[in-house]
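Here is how the chains run, residue by residue.
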Amino acid sequence: MKYMLMHRTNANWEAGMLPSPELIGRVGALMGDIAKSGILVAGEGLRASSHGVRLNFTGGSMRVTKGPLTPGNELPGGFAIFQVESIDDAIAWTKRFGEILGDVEVDIRPLTEPWDIGIGSKPADMKTTRYMAMHKADSKSEAGTPPTPELMAAMGSLMGEMAQAGVLLSGEGLAPSSQGKRFKYADGKRTVVDGPFAESKELIAGFVILDVPAMADMLPWADRYAEAIGDIEFDIRPVG
Amino acid sequence: MSASSTHRAIEAVWRIESAKIIASLARMLRDVGLAEELAQDALVIALERWPAAGVPHNPAAWLMAAAKRRALDRLRRSQMLERKHQELGPEIELQHEIATAEFAAAVDEAIDAGRHGHAVVEESEAELSDNLLRLIFTSCHPVLSSEARVALTLRLLGGLSTDEIARAFLVPEATVAQRIVRAKRSLTEAHVPFEVPRGDALGERLSSVLAVLYLIFNEGYAATAGQDWMRPMLCEEALRLGRILAELMPQEAEVHGLVALMEIQASRTRARTGSNGEPILLLEQNRARWDQLLIGRGLAALERAGNLSHAQGTHNGPYTLQAAIAACHARARTAAETDWVRIAAIYDVLAQLTPSPVVELNRAVAVSMAYGPAAGLEIVDALVDEPALKNYHLLPGVRGDFLHRLGRVDEAREEFRRAADLTRNARERELLLARVASCVGGS
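Just so it is clear, the model here is predicted, and its values are computed rather than measured.

What counts, and where the lines are drawn
Residues numbered from 1 in each chain as written. Chains lettered and ligands numbered in written order. Predicted model: local features only at pLDDT ≥ 70, side-chain atom pairs only at ≥ 80, totals over all residues. Helix = DSSP H or I, 4+ residues; strand = E, 2+ residues; numbered from the N terminus. Buried ≥ 20, exposed ≤ 12 C-beta atoms within 10 Å, placed from the backbone. Rg over C-alpha atoms; globule rule 2.2 N^0.38 Å. Contact = placed C-beta atoms within 7 Å. Pairing = 2+ DSSP bridges. Axes fitted to C-alpha atoms, helices over the stretch in contact; angles between N-to-C directions. Nonpolar A, V, L, I, M, F, W, Y, C, P; charged D, E, K, R; others polar. Core = buried A, V, L, I, M, F, W, Y, C linked by C-beta atoms within 7 Å. Parallel < 35°, antiparallel > 145°, perpendicular 65-115°, else oblique. pLDDT = per-residue confidence, 0-100. Expected span 1.5 Å × (residues − 1).

Right, let's talk about the overall build of chain B for a bit. Of regular secondary structure, chain B possesses 20 helices and zero strands. Of all 443 residues assigned to chain B, the portion counted as buried reaches 43%.

The next point concerns the overall build of chain A. The secondary structure content of chain A amounts to six helices and twelve strands. The globule rule puts the C-alpha radius of gyration for 240 residues at 18 Å, and the 17 Å found for chain A is close to it. By the burial criterion, 40% of the 240 residues in chain A qualify as buried. A fraction of 78% describes how many contacts in chain A between residues 6 or more apart in sequence connect residues 24 or more apart.

Right, let's get into the sheet that holds strand β11 (residues 204-211) of chain A. Residues and elements named next belong to chain A. Reading across from one edge, β2-β11-β1-β12-β9-β10 is the order of the six strands in this open sheet, with antiparallel pairing throughout. The open sheet has two edge strands with one neighbour each: β2 (40-45) and β10 (189-194). Between one strand and the next, the sheet's axes are offset by a mean angle of 20°, whatever the strand orientation. As defined by bridge partners, strand β9 (residues 181-186) adjoins β10 across six bridges and the pair is classed as antiparallel. Across the sheet, residue Ala186 finds its bridge partner in β10, namely Lys189.

All names here are of chain A. Within strand β5 (residues 76-84), eight of the nine residues are buried, which leaves the element mostly enclosed by the surrounding structure. Pairing of β5 with strand β8 (residues 168-173) involves five bridges; the strand directions are antiparallel. Residue pairing in the sheet places Phe79 in a bridge with Glu172 of β8.

All names here are of chain A. Spatially, the six strands line up as an open sheet ordered β4-β3-β6-β7-β5-β8, and their pairing is antiparallel. Edge positions in the open sheet fall to β4 (61-66) and β8, since each of these has one partner strand only. Geometrically, the sheet is characterised by an average inter-axis angle of 15° between neighbouring strands, direction not taken into account. Lying over the sheet, helix α3 (residues 87-101) contacts β3 (53-58), β4, β5, β6 (104-110) and β7 (129-136), oriented at roughly 160° with respect to β6.

Here we take up the interface of chain A and chain B. Size of an interface, as often reported, equals the accessible area lost when the parts are brought together. Contact with chain A, which involves 25 residues of that partner, is made by 21 residues of chain B. Elements that contribute at least two residues to the side of chain A that touches chain B include exactly α2 (21-36), β2, α5 (149-164), β8, β11 and α6 (219-229) of chain A. No other element matches α5 of chain A, which puts six residues into the side of chain A that touches chain B. Of the residues belonging to the side of chain A that touches chain B, the class tally is 14 nonpolar, seven polar and four charged.

It is worth spelling out the nonpolar core at this point. With 177 residues, the main nonpolar core has Leu5 and Phe82 of chain A together with Leu25 of chain B as its most contacted residues. In terms of residue count, the dominant contributor to this core is helix α1 (residues 3-29) of chain B (14 residues). Apart from the residues within four sequence positions on either side, Phe82 of chain A is in contact with Ala90, Trp93, Arg130, Tyr131, Ala133, Val167, Leu168 and Leu169 of chain A.

Residues and elements named next belong to chain B. As a packed pair, helix α7 (residues 146-156) and helix α10 (residues 200-221) sit with axes 10 Å apart at the nearest point and diverge in direction by 80°. In this view, α7 runs roughly perpendicular relative to α10, as classed from their interaxial angle. Two secondary-structure elements touch here, α7 through Ser146, Arg149, Val150, Thr153 and Leu154 and α10 through Val212, Leu215 and Ile216. For the contact of α7 with α10, the per-class residue count stands at five nonpolar, two polar and one charged.

Further remarks concern the environment of Ser4 of chain B. Locating Ser4 of chain B in the fold gives a position in helix α1. On the neighbour-count criterion, Ser4 of chain B (9 C-beta atoms within 10 Å) is exposed.

What follows is about the confidence of the model for chain B. All names here are of chain B. Across chain B, the average pLDDT comes to 87, with 87% of residues at 70 or higher. Contacts of residues 114-120 to residues separated by more than four positions or lying in other chains number 17 contacts, the stretch itself having pLDDT below 50. Note on the complex model: pTM 0.87, ipTM 0.86.

Let us now look at the environment of Leu219 of chain A. If you trace the backbone, Leu219 of chain A turns up in helix α6. When the C-alpha atoms of Leu219 of chain A and Val192 of chain A are compared, they prove to be 10.0 Å apart, with 27 residues separating the residues in sequence. Ignoring sequence-local partners within four residues, the contact set of Leu219 of chain A consists of Ala9 and Ala12 of chain B.

A few words on unusual backbone geometry. Generally, phi is negative for residues other than glycine and the peptide bonds are trans, each holding for most cases. Cis geometry marks the peptide bond from Gly67 of chain A to Pro68 of chain A; its omega dihedral reads 0°. You can see Pro68 of chain A is positioned in the loop between β4 and β5. Note the cis peptide between Gly195 of chain A and Pro196 of chain A, where omega equals 5°. A positive phi angle, close to 55°, is found at Leu170 of chain B, a residue other than glycine.

All names here are of chain B. The end-to-end C-alpha distance of helix α16 (residues 357-371) is 20 Å, a good match for the 21 Å that 15 residues give at a rise of 1.5 Å each. Every buried residue of α16 is listed here: Leu361, Asn362, Arg363, Ala364, Val365, Ala366, Val367 and Ser368. Looking at the buried side of α16, the elements it contacts are α15 (340-353), α17 (373-381) and α18 (394-405). The first or second residue beyond α16 is Gly372, which carries a positive phi of 100°.

Residue and element names in this part refer to chain B. By the secondary structure assignment, Tyr319 is in helix α14 (residues 318-331). Owing to 26 C-beta atoms within 10 Å, Tyr319 belongs among the buried residues under this scheme. Distance in space between the C-alpha atoms of Tyr319 and Ala23 is 27 Å, their sequence separation being 296 residues. Setting aside its immediate chain neighbours within four residues, Tyr319 contacts Leu210, Glu254, Gly257, Leu258 and Leu261.

Now the structure itself:
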């Protein structure tokens with residue numbers, strides 16, 4: 001079973017401040033431990049929302065808002081990660097998603113690469129950037145209504161096309177927030193709230209996806225995560 | 001936190017930490033069986049104390065320190081230390097004595113510090129890794145039967161209970177418990193050293209480790225009897241142990257090859273069964289349901305395996321080759337776009353490297369897809385008298401398919417019927433009987 005742990009951003013990161021070498025070191029060590037435990041599926045940071053865009057699909061039309069993004073409905077319903085040459089390409093592919101999904105809000109933000117935080121430099125021959133397109137939950141996805149066979153087929157065909165074009169690195173849906181848990185750490189104390197969550201007020205700053213048998217197995221890692229980052233709030237939701 | 005959620009939290013920590021704890025204790029005691037018992041003692045103490053006292057700040061360090069103290073008590077009390085000294089000789093004895101004395105002080109300090117939320121004594125990263133590797137190689141030691149290796153690996157490295165292992169393998173719990181007890185005894189009686197093999201021995205022993213992991217994976221992956229969630233868990237566990245091994249032995253190409261193979265196969269889990277639990281064959285699966293994250297990881301691991309083989313001037317091993325075949329399927333957007341010529345070519349190499357009737361049968365399927373059923377039938381016909389495949393339902397199943405495609409319907413029907421008689425899986429039998437019924441016409 002895969003679980004996604006998403007941590008919230010803060011004003012410093014949103015302002016584009018680079019994480020301190022100590023924080024990078026602590027998070028790096030934690031990621032190393034997760035990898036050594038054999039449960040790491042994916043883990044990424046998201047760049048400040050000023051590097052991103054928000055797409056609103058309503059009645060078949062698409063409105064693009066440039067970042068920085070104002071937090072609104074920050075409960076994701078699922079995501080796709082693209083490897084493309086520009087954010088315009090990411091928007092073009094996401095538009096195809098929007099055409100299938102109907103009315104939906106999608107945020108697109110670049111993933112943080114090592115060179116974005118001052119580690120090494122971008123390889124000269126690398127022309128692409130990785131973007132995460134995160135679509136927001138709605139009443140249907142929150143109700144856990146399974147997609148219609150038509151939608152499944154259309155989505156499957158689009159994902160196949162993306163995979164073929166070599167732009168899709170991953171795409172996953174998240175289980176309704178009723179199956180999730182929200183963790184708040186303040187002064188080293190943990191508070192856990194069971195889903196469903198009405199909404200989240202803060203943008204997401206990063207995530208890890210871990211392969212563990214059950215939600216309870218996420219707890220030790222949640223604690224370690226908070227220990228590495230400091231006071232933090234995050235949601236954990238089953239993937240798929 | 002309620003008592004039950006504390007229990008669940010302890011189990012979660014145990015799942016992550018138990019292998020390291022057992023490995024460290026085994027290094028101290030030179031006895032894997034005893035190490036496991038004492039580590040279990042530490043778990044029992046935690047289960048007794050934590051629901052009332054609360055989970056300590058650093059539960060992993062607490063468990064490790066408590067387990068080590070048990071081990072040290074045992075060493076002292078049973079005077080096993082003296083016995084060990086006689087076995088080890090005077091020089092090691094001295095080193096051991098110094099290390100033990102320092103260690104004793106350190107553990108006491110650690111337990112003390114543990115109460116205040118800080119762990120002082122910790123083995124270095126490298127020592128922990130080495131101990132874990134020793135535990136992996138010991139659990140998969142050739143002195144043990146294959147069943148014993150599997151059970152011991154799941155118990156010592158996966159942190160699974162005998163009950164969980166028993167449910168996963170659909171055998172009584174007593175059987176698994178017996179298997180584990182005997183396995184531990186065999187290790188002691190054979191004086192298997194708690195070491196990672198070196199030099200020439202390493203290759204063969206590593207093959208044994210990889211075989212055990214793949215056996216566990218396949219046990220979970222094979223069409224299952226029953227709906228128990230424990231069997232898919234075997235896949236996850238094998239994959240997890242494979243990834244751990246890849247972190248511990250990053251220079252071993254075949255470890256990455258096996259991980260790649262398991263990642264890519266696991267990526268199809270969601271697509272392998274229909275809504276009624278019926279198996280869906282690879283070429284008929286809805287590829288949109290394949291897990292792109294796992295495919296991505298698998299392809300990356302395969303690339304690492306290939307690069308390492310290339311850099312070390314060795315040929316790709318059997319797991320890497322099988323992963324390369326799985327990757328061909330993973331890359332194809334539709335079944336029709338599968339690169340069968342490439343798959344057939346990889347099977348040629350695999351068949352030369354590890355000749356076996358089963359590989360040959362798979363090669364026949366790939367060849368038939370690349371070059372037509374007649375070419376496939378030629379390979380399969382050479383296998384008909386193979387004793388190893390005498391009761392293997394896939395042989396008549398595959399042969400029937402080739403005959404059907406060649407329009408030899410009567411012969412095809414016979415083969416499908418034979419296959420249906422041989423399979424032990426009810427759903428597979430249904431599929432085969434449907435194929436029998438589809439063989440209409442002929443004379």
